[in-house]
Amino acid sequence: AAAWRAGPRDRQGTALDLSDRPSLCMDVRGDCAVIGSSDHALYEVNFRKGKRTRKLYSRAHGHAEWVNAVRYLPDGRVLSAGLDSKLFLWHASAVRATELKGHTHSVSAIEIGAGGSLACSCSYDKTVRLWDVSGPTGRECETLRGHKAPVMEVAFGDGSLISGSRDGALLSWDVQRAKLRRAEGAAHQGHITALCLAEEGETLVLSGGQDGCLRVWDPRLQGCLFERFHHRKAGGAGAVGAIRRAADGTVLTMGADMRICASDPRMSFERVSTIATHEDFIYSMELAGDLVVSGSGDGKLMVHDFRKGSLLYELGGNQNAV
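To start, this report covers the structure provided alongside it. (Residues numbered from 1 in each chain as written. Predicted model: local features only at pLDDT ≥ 70, side-chain atom pairs only at ≥ 80, totals over all residues. Heavy atoms only, no water.)

Relative to the assigned elements, H63 resides in the loop between β4 (51-56) and β5 (67-72). In terms of polar contacts, H63 uses its side chain to reach the side chain of S80, at 2.8 Å. Engagement of the side chain of H63 in a polar contact is seen with the side chain of D84, the distance being 3.2 Å. (Helix = DSSP H or I, 4+ residues; strand = E, 2+ residues; numbered from the N terminus. Polar contact = N/O pair within 3.5 Å; in protein donor to acceptor, adjacent residues only side chain to side chain.)

By the definition in use, this model includes 19 salt bridges. Measuring nitrogen to oxygen at the nearest pair gives 2.9 Å for the salt bridge that ties R307 to D248. Taken together, the positions of R307 in the loop between β29 (301-305) and β30 (310-315) and D248 in the loop between β23 (240-245) and β24 (251-255) put the pair 59 residues apart, joining distant regions of the chain. For R307, a relative accessible area of 39% corresponds to the partly exposed category. Under the relative-accessibility criterion, D248 is labelled partly exposed at 40%. (Salt bridge = Lys/Arg side-chain N within 4 Å of Asp/Glu carboxyl O. Buried < 20%, exposed > 50% of the residue type's maximum accessible area, 1.4 Å probe, protein only.)

An order of β17-β18-β19-β20 is seen for the 4 strands of this open sheet, with the pairing classed as antiparallel. The open sheet has two edge strands, β17 (192-197) and β20 (224-228), and neither has a second partner. Pairs of neighbouring strands in the sheet enclose a mean axial angle of 20°, with direction left out of account. Summarising the sheet, β17 and strand β18 (residues 205-209) pair through 5 bridges and their orientation is antiparallel. Its bridge partner being in β18, A194 is matched across the sheet by G208. (Pairing = 2+ DSSP bridges. Axes fitted to C-alpha atoms, helices over the stretch in contact; angles between N-to-C directions.)

With 5 bridges joining them, strand β3 (residues 42-46) and β4 adopt antiparallel strand pairing. Residue pairing for β4: E44 is matched across the bridge by R54. Between the end of β3 and the start of β4, which pair antiparallel, lie 4 residues, with G50 showing a positive phi angle near 70°.

Enumeration over the complete set of coordinates arrives at 2 aromatic pairs. Relative to F269, the ring of F226 has its centre 5.7 Å away and its plane inclined at 45°; by these criteria the two rings are tilted. Of this pair, F226 sits in strand β20 while F269 is found in the loop between β25 (260-264) and β26 (270-275), placing the two residues 43 residues apart along the sequence. With a relative accessible area of 26%, F226 lands in the partly exposed category. (Phe/Tyr/Trp six-rings, centres within 6.5 Å; stacked < 30°, edge-to-face > 60°.)

Let's shift gears to unusual backbone geometry. With a phi angle near 75°, S85 is a residue other than glycine that sits in the positive phi range. For S85, the location among the structural elements is in the loop between β6 (78-82) and β7 (87-90). Exposure remark for S85: the relative accessible area of 16% places this residue in the buried category. A positive phi angle, close to 65°, is found at F269, a residue other than glycine. Residue F269 is classed as buried on the basis of its relative accessible area, which comes to 5%.

Secondary-structure assignment places R129 in strand β11 (residues 127-132). One polar contact links the side chain of R129 to the main-chain carbonyl oxygen of G102, over a distance of 3.2 Å. There is a polar contact of 3.2 Å between the side chain of R129 and the side chain of H103. Not counting the four nearest positions on each side in its chain, R129 is found in contact with G102, H103, A119, C120, S121, E140, E142, T143 and R145. (Contact = heavy atoms within 4.5 Å.)

So, on to a nonpolar patch on the surface. A surface patch of nonpolar side chains, amounting to about 250 Å² of accessible area, comprises L24, W66 and L83. Note that L83 resides in the loop between β6 and β7. We classify L83 as partly exposed; its relative accessible area is 34%. (Patch = residues over 30% accessible without salt bridge, like charges linked within 9 Å, V, L, I, M, F, W, Y side chains within 5 Å. Areas by Shrake-Rupley, 256 points an atom, 1.4 Å probe, with all protein chains shown as cover.)

This part takes up the nonpolar core. The biggest cluster of nonpolar side chains holds 15 residues, and the ones touching the most others in it are V128, L130 and L161. It is strand β13 (residues 151-156) that contributes the most residues to this core, 3 residues altogether. For L130, the residues in contact, after removing those within four places along its chain, are A119, C120, R139, E140, C141, E142, L144, F156, L161 and V175. Listed in part, the 13 residues of the second largest apolar core include A81, L87, W131 and V133. (Core = buried A, V, L, I, M, F, W, Y, C linked by side-chain atoms within 4.5 Å.)

Taken together, the 4 strands give an open sheet; going across it, the order is β23-β24-β25-β26, and neighbouring strands pair in antiparallel fashion. Two strands in the sheet have a free side with no partner beyond their single neighbour: β23 and β26. When strand polarity is set aside, the average angle formed by the axes of neighbouring strands in this sheet is 25°. One ladder, built from 5 bridges, connects β25 with β26; its direction is antiparallel. Residue pairing in the sheet places D264 in a bridge with E270 of β26.

Below, the structure is given as C-alpha cells:
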C-alpha cells in the first residue's frame, strides 16, 4: 500500500510498442497483462520484465475484427471477444485457440464466473450466452433471450447474472435454471452503460446509464431502491462509464462529466466525495485499496485517495486516451 501511495520512481514508465493500432481492452493476472487491439490481435506482456511474451493471432486462430473484450481464466487461459461476433478460448501458453460459436453480431462484453469454470457474454444479437470453460475447448451451455435491443453490459456473480441493453432495460437471470427472474424495461433513459453486483452472494445491483444516474436495485423487488444523479450538472448528464465497489462497500462511479464520485451505502448511496481533477473525459477506472486509478482522453493516468478526494500523483507516457 505504501508503494502505491508513493508511486513509481519513473513516472514515464517503460513503453512497449505492441501495434500501430489502438489498444481497446486489457486484463491482468499476476505479472502479466493481455491487451486486445484494433489490429485484430491480442498481446500478452510481462510488465515486470517490460517485454512482450506472446502475440495471440495466426492464420489458423484469431479474430477478423477489433478485439474489444478480454479476460484471464484462473488457469492462465484467455477468453477474448470481438466485433466479428466471435469468442476465442486461448491456450495458456501456446498460440492456439478454440472458437466458441453462437453469437451472430458483435460481442459487447464478457465476464468470468467466480469459480472460473463458467463465462458469460452479451452481444448486439440481443442475447446473453453462458459458456462452460472448465474443459480445454469450452462449449455453450445456455442462450438467454429476453432483451429487445443490443445487450451492452453484464455483471456476473455467484448464481446471479444481470444484463443491460441499449434501450435502458435491465434483466436479472437465474443462472442455475437459465431463466429470467425480473425485468425492468426502463431502468435508465438511454443506454445502460455500467453494471456492478454490490457483493458476491448479495442481491443488490448497481446500474449506471447515459442519464448520468446511479440506480440501486434488489432483483427480488419491483422498482428502484435508490437513484442518485451524481453525474448530472446544469449543462446536462454525463453517462456513467464504470462502477466499482471498495472493500468496505463504498461505491465509486466515473462519468462523462469528467468526475469520479464516491457514494456511501450506509447513507442511502449519497455522495460523500467528488474528484474533479481530470480535464478530459475519463475512459477507465480501477480501485487499489483506498486508491482510485483513472485514465482520461488526454493520456493522463491519475492516482487519487478517494476517501480524501486528493490527487497523489499523475503518470505520463501515454499520448492518447487511456
